[in-house]
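Each chain, written out:
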Amino acid sequence: MTVEQIEARKLATLLEVGQTLSSTRDVKSALDRVLETLGQHHGMMRGVVMLLELDTQELRIKSFHGLSETAARQISYRLGEGITGRVAQSGKPIVVPQISHEPMFLDRLGARTQKTGPRVEQSFICVPILINRKPIGVLGVNIRYKHDHNFDEAIKFLSIVASMIAQALKVEHLIEADKQRLLDENIHLKQELKERYDFSHIIGNSSSLRQVYEQITQVARTNTTVLLRGESGTGKELIAHAIHYNSLRAAKPFIKVSCAALPETLIESELFGYEKGAFTGAQGRKKGRFELAASGTLFLDEIGDLNIATQVKLLRVLQEREFERLGGTETIKINVRLIAATNKDLERAITDNEFREELYYRLNVFTIFVPPLRERKSDVLLLADHFLEKYAREHNKRIKRISTPAIDMLASYHWPGNVRELENTIERAVLVCETNVIHGHHLPPTLQTAEGSDTVTRLSLATAIEAYERDIIQDALKTTRGNRKKAAKLLDTTERIIGYKVKKYDIDSDRFRL
């Protein structure tokens, strides 16, 4: 071959190597094809790509050509051992023109061993595979010895191939690292969710909530359908999460569907999915929530708002454990645990023909009634303290506590919006509070007016000032555990004035000594 033909062959090989390495994520098979190309077009008799194992600091064969599988598995080099080990250690290429004349050449590839025919003298060229200028492996090839072979050109050519291999390996390492990061993150998030939704973290110790705890414990580790009933804002979704993350399906998906939030025209396709062309705009197949929740839990929130047509299909799914996608004929079997929630009176809805009786009996296997906050008065302060800590941290405020008058206001309010309203109330109070204590005037007007609580009548300016004065004196006495002298010092006044005010406002300072 002429020089021009040799150079053209090299360029064609480099193009082929680049395409091979970039066309697949399976680096092992790509390297096999690269070595095969070198054997076909460049006279390579044997070739290996060896990579450094970080834990053992040994070079092991990743890909090979001209060797048996058994031999390839047995070959390894330590750093600095033989020609191959020295290249991996120094990061510089080495050429052995005649391997029979080189004592450093260990011949673990068996180049000197030839079972049949006359022995052929070989040359060995080994170049490093570098990532960020650090050797991570070597490319070693055996070729037939020629006295006039241009080894400098061979090193340049193989170094380019090695750099292309290095780039492919770098991409593989990045992909694997990203996969591992996502896997670790997924495991961490699942554990975090499990801890977050552990039912022991549901706040409250009232007798009605303790009964809910017992029911969650009883049903969590079964596959029974659960119906959560209660007013809006009582924490039904939190209980659904607690049931799932304490069940045998905790490692599987938890899929939520808000039936009230989806229009009637979309709810069916969201639940059961659809095939391409099922309706205008259906550009491809889409899995429904039942399929996405496979082996996990499907939570249907506000199930009382489902239209009758969808109720019929849902009833069939619960009975037969199978369905078809919208516009499809394939029957899909499912293994899903169903948790449903509603704030509606389902019995009345059945009477009004708004809810199917058969579906009601399918859902009403294990019912948990979530009590409204007005029936859990002893939990109000626990919840308020929890939300105070949460939003003080979130908004970077150093609020330590809630004043006694403010606590009284929280306890006397009837909370029509339940826990959700209490949470919003405390967040608002944290935002407007500029001190380290939340007082009554930080709470929303609904807690301070007759419309909100029926506990406060219309006040004159003088009465309002007296109420505020009474609040701060009570707060000071609470801080000082009923010690009037210390309370006076705290408020920058005299003990005599504090005594006069305590008598005027009929404040029982002894209750703060406890």
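From a predicted model like this one, the values you see are computed outputs, not experimental measurements.

A. Representation of the packing of helix α13 (residues 377–394) against helix α15 (residues 418–432) within the structure. Contact pair α13 / α15: the axes reach a minimum separation of 9 Å and the direction vectors enclose 45 degrees. By the angle between their directions, the pair α13 and α15 is classed as oblique. The handedness of the crossing between α13 and α15 comes out as right-handed. Contacts between α13 and α15 involve V380, L383, A384, F387, L388, K390, Y391, A392 and E394 on the former and, on the latter, V419, L422, E423, I426, E427 and V430. Of the residues assigned to the contact of α13 with α15, the class counts are 11 nonpolar, no polar and four charged.

B. Region of the structure containing the sheet that holds strand β13 (residues 366–369). Strand order in this open sheet of five strands is β8-β9-β12-β7-β13, and the pairing throughout is parallel. Whereas interior strands pair on both sides, the edge strands pair on one side only; in this sheet they are β8 (254–258) and β13. Ignoring strand direction, the axes of neighbouring strands in this sheet form an average angle of 20 degrees. Across four bridges, strand β7 (residues 226–229) lies against strand β12 (residues 337–342) in parallel orientation.

C. How the structure looks around the pairing of strand β5 (residues 122–131). Burial within β5 is extensive, with nine of its 10 residues counted as buried. Of the pairings in the sheet, the one linking strand β4 (residues 94–96) to β5 comprises three bridges and is antiparallel in character. For V96, the partnering residue across the bridge sits in β5 and is F124. Of the pairings in the sheet, the one linking β5 to strand β6 (residues 134–144) comprises 10 bridges and is antiparallel in character. Among the inter-strand pairings, L130 is bridged to a residue of β6, identified as P135. Once β5 ends, the chain turns through two residues before running back antiparallel as β6, passing N132 with a positive phi of about 55 degrees.

Cut-off values and rules
- Residues numbered from 1 in each chain as written.
- Predicted model: local features only at pLDDT ≥ 70, side-chain atom pairs only at ≥ 80, totals over all residues.
- Heavy atoms only, no water.
- Axes fitted to C-alpha atoms, helices over the stretch in contact; angles between N-to-C directions.
- Helix = DSSP H or I, 4+ residues; strand = E, 2+ residues; numbered from the N terminus.
- Parallel < 35°, antiparallel > 145°, perpendicular 65-115°, else oblique.
- Left-handed = near helix turned anticlockwise from the far one by under 90°.
- Contact = heavy atoms within 4.5 Å.
- Nonpolar A, V, L, I, M, F, W, Y, C, P; charged D, E, K, R; others polar.
- Pairing = 2+ DSSP bridges.
- Buried < 20%, exposed > 50% of the residue type's maximum accessible area, 1.4 Å probe, protein only.

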